[in-house]
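Below are the chains, spelled out letter by letter.
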Amino acid sequence: QDFKTLADVLIQSVVNYYIVKQYPPFKDHIYGEESDHFTNSQGNVITINVNGDIEDTVRLLTMALNGQLNLAQKLAKHVYEDMSVDIERDLLDKLKGLKIDVSN
């Protein structure tokens, strides 16, 4: 298993989720190095999509981790910890054309 790739995919999904949650205009302007697909050691392709539903995230991570429910629950718990960012709204207007690359 490639845990680094899973970590990359998960982090990109988390960053995307929280930025879009707070600043919806960025929805189609956030890019990363990894796709949102992860292939587990059994050859199953899982789309890692953080969507605000911790149970769904646990389910996806459990599949990606070949049934390791405890580890999936721990990761999902950290995904949904409060990560509030407060940026002034006028700054948001100035950044509308910005593209964010979270690959590095």
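Nothing here was measured: the structure is a model prediction, and the numbers come from that model.

Chemist: I'd like to hear about the nonpolar core, residue by residue, with values.
Modeler: Judged by nonpolar contacts, the single largest core of 18 residues is most densely connected at Leu 6, Leu 10, Val 14, Ile 48, Val 50, Leu 61 and Ala 64. The set of elements that each furnish at least two residues to this core consists of helix 1 (3-22), helix 2 (54-64) and helix 3 (69-79). Excluding anything up to four places from it in sequence, Leu 6 contacts Phe 38, Ile 48, Leu 61, Ala 64 and Leu 65. The next biggest cluster of nonpolar side chains, apart from the first, holds 6 residues, and it includes Tyr 23, Phe 26, Ile 30 and Leu 92.

Chemist: Account for the side chain of Ser 13, naming residues and giving values.
Modeler: Relative to the helices and strands, Ser 13 is located in helix 1. Aside from chain neighbours lying at most four places away, what touches Ser 13 is Ile 48, Asn 49 and Val 50.

Chemist: Which residues make up the pattern of salt bridges, and what values go with them?
Modeler: Think of it this way: side chains of opposite charge can pair up when their charged atoms draw near. For the coordinates displayed, the defined rule picks out 2 salt bridges. Among the ionic pairs, Lys 4 bridges to Asp 8, the shortest N-O distance being 3.3 Å. Of this pair, Lys 4 and Asp 8 both sit in helix 1, 4 residues apart, roughly one helical turn. Relative accessible area serves as the criterion here: at 23%, Asp 8 is assigned to the partly exposed category. The closest approach of N and O atoms between Arg 59 and Asp 56, which form a salt bridge, is 2.6 Å. Here the residue Arg 59 and the residue Asp 56 both occupy positions in helix 2, the gap between them amounting to 3 residues, near one helical turn.

Chemist: Describe in detail the packing of helix 2 against helix 3, supporting the description with residues and values.
Modeler: At a minimum axis distance of 8 Å, the contact between helix 2 and helix 3 shows a crossing angle of 135°. Classified by the angle their axes make, helix 2 and helix 3 are oblique. Regarding helix 2 and helix 3, the two cross each other, and that crossing is right-handed. Counted together, Ile 54, Thr 57, Val 58, Leu 61 and Thr 62 of helix 2 and Leu 69, Ala 72, Gln 73, Leu 75, Ala 76 and Lys 77 of helix 3 form the full contact between these two elements. Here the contact of helix 2 with helix 3 is built from residues that sort into 7 nonpolar, 3 polar and 1 charged.

Chemist: Could you give me a rundown of the side chain of Gln 12, with the residues and numbers involved?
Modeler: By the secondary structure assignment, Gln 12 is in helix 1. Among the residues examined, Gln 12 registers a relative accessible area of 11% and is labelled buried.

Chemist: Account for the packing of aromatic side chains, naming residues and giving values.
Modeler: Within the structure shown, the criterion is met by 3 aromatic pairs. Seen from their ring centres, Tyr 17 and Tyr 18 are 4.9 Å apart, and the 80° between their planes marks the pair as edge-to-face. Here Tyr 17 falls in the buried class, since its relative accessible area comes to 17%. You can call Tyr 18 buried: its relative accessible area is 15%. One aromatic cluster is present, formed by Tyr 17, Tyr 18 and Tyr 80 through successive ring pairs.

So, how was this worked out
Residues numbered from 1 in each chain as written. Predicted model: local features only at pLDDT ≥ 70, side-chain atom pairs only at ≥ 80, totals over all residues. Heavy atoms only, no water. Core = buried A, V, L, I, M, F, W, Y, C linked by side-chain atoms within 4.5 Å. Buried < 20%, exposed > 50% of the residue type's maximum accessible area, 1.4 Å probe, protein only. Helix = DSSP H or I, 4+ residues; strand = E, 2+ residues; numbered from the N terminus. Contact = heavy atoms within 4.5 Å. Salt bridge = Lys/Arg side-chain N within 4 Å of Asp/Glu carboxyl O. Axes fitted to C-alpha atoms, helices over the stretch in contact; angles between N-to-C directions. Parallel < 35°, antiparallel > 145°, perpendicular 65-115°, else oblique. Left-handed = near helix turned anticlockwise from the far one by under 90°. Nonpolar A, V, L, I, M, F, W, Y, C, P; charged D, E, K, R; others polar. Phe/Tyr/Trp six-rings, centres within 6.5 Å; stacked < 30°, edge-to-face > 60°.

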